[in-house]
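Fold and geometry: a report
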Amino acid sequence: MQPLPHGRVRFRYCLAAIGLFVACSAPATAAEQCPVSEAAITKAGGLANAVTAAMKTEFSCEGAYRLLELCQLGSSGDNALSDIVLSKCEPRFLPKAVAATKAAYEKARAKCNKIAEKNEGSMYQGQAAVCIARSGRDFARKYGTKS
């Protein structure tokens, strides 16, 4: 067997390195999908109704936000879903919040509202709604009770 010319050896090492890089950089898990089943969607009469029902039965602020994040509609329909998240998150921190915390929360919500104000379309209203829900979840995490 004849030794390979120097250029071919280098080429093979490059191929091996590229293969190793691709194998190591592949994601360990698949992207998460909305956990609402097709059966639940059919039973509820549509995705929005099924996600709403799932979020209403979710006990925690974190769980409700997670459902919104995974199942968002990408439209103004996310406003109603955001309201459900806020109904579970705000009671954890808002009743006992000091004035500075309330002001910071209102500032965060106003920043989210600017998304819809600066851009036209239902998609931007949905993005603003998800942003507002995220703010509620973040403040509940930072300032809220564990319940």
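Everything numeric in this text was worked out from a predicted model, so none of it was measured. (Residues numbered from 1 in each chain as written. Predicted model: local features only at pLDDT ≥ 70, side-chain atom pairs only at ≥ 80, totals over all residues. Heavy atoms only, no water.)

Before going further, it helps to examine the state of the cysteines. According to the stated counting rule, one finds three disulfides in the structure shown. Two residues, Cys34 and Cys71, share a disulfide whose sulfurs are 1.9 Å apart. Given an S-S torsion of about 95°, the disulfide between Cys34 and Cys71 has right-handed geometry. One end of the pair, Cys34, is in the loop between α1 (6-25) and α2 (38-44); the other, Cys71, is in helix α4 (residues 61-71), and 37 residues separate them in sequence. (Disulfide = S-S within 2.5 Å. Helix = DSSP H or I, 4+ residues; strand = E, 2+ residues; numbered from the N terminus.)

Moving on: the environment of Gly74. With respect to the helices and strands, Gly74 occurs in the loop between α4 and α5 (78-93). Its relative accessible area of 40% is what places Gly74 among the partly exposed residues. Considering only alpha carbons, one finds Gly74 and Tyr124, 50 residues apart in sequence, at a separation of 8.1 Å. (Buried < 20%, exposed > 50% of the residue type's maximum accessible area, 1.4 Å probe, protein only.)

The next point concerns the packing of aromatic side chains. Applying the stated criterion to the full structure yields four aromatic pairs. Taken together, a centroid distance of 5.0 Å and an interplanar angle of 85° make the contact between Phe93 and Tyr105 edge-to-face. In this pair, Phe93 is assigned in helix α5 and Tyr105 in helix α6 (residues 99-118), connecting sequence segments twelve residues apart. Of the residues examined, Phe93 reaches a relative accessible area of 3% and is grouped as buried. An angle of 35° between the planes, with centres 5.6 Å apart, marks the rings of Phe139 and Tyr143 as tilted. Here Phe139 pairs with Tyr143, and both are found in helix α7 (residues 122-143), just four residues apart, close to one helical turn. An aromatic cluster is built from Phe93, Tyr105, Phe139 and Tyr143, whose rings are joined through pairwise contacts. (Phe/Tyr/Trp six-rings, centres within 6.5 Å; stacked < 30°, edge-to-face > 60°.)

So, on to the nonpolar core. The biggest cluster of nonpolar side chains holds 26 residues, and the ones touching the most others in it are Val36, Val51, Met55, Tyr65, Leu68, Leu81 and Val85. Among the secondary structure elements, those contributing two or more residues to this core are α3 (47-57), α4, α5, α6 and α7. Leu81 has contacts with Val51, Thr52, Met55, Leu68 and Leu73, leaving out every residue within four places of it along the chain. (Core = buried A, V, L, I, M, F, W, Y, C linked by side-chain atoms within 4.5 Å. Contact = heavy atoms within 4.5 Å.)

Predicted coordinates in areas of low pLDDT are best not read in detail. With 78% of its residues at a pLDDT of 70 or more, the chain shows a mean pLDDT of 84. Confidence drops under a pLDDT of 50 for residues 14-29, and excluding neighbours within four residues, the segment shows zero contacts in the predicted structure. (pLDDT = per-residue confidence, 0-100.)

Taking 1.5 Å per residue, 22 residues should reach 32 Å; α7 reaches 31 Å between its end C-alpha atoms and fits that length. Those residues of α7 not exposed but buried are Gly126, Ala128, Ala129, Val130, Cys131, Ile132, Ala133, Ser135, Gly136, Arg137, Phe139 and Ala140. Those residues of α7 that are buried lie in contact with α4, α5 and α6. (Expected span 1.5 Å × (residues − 1).)

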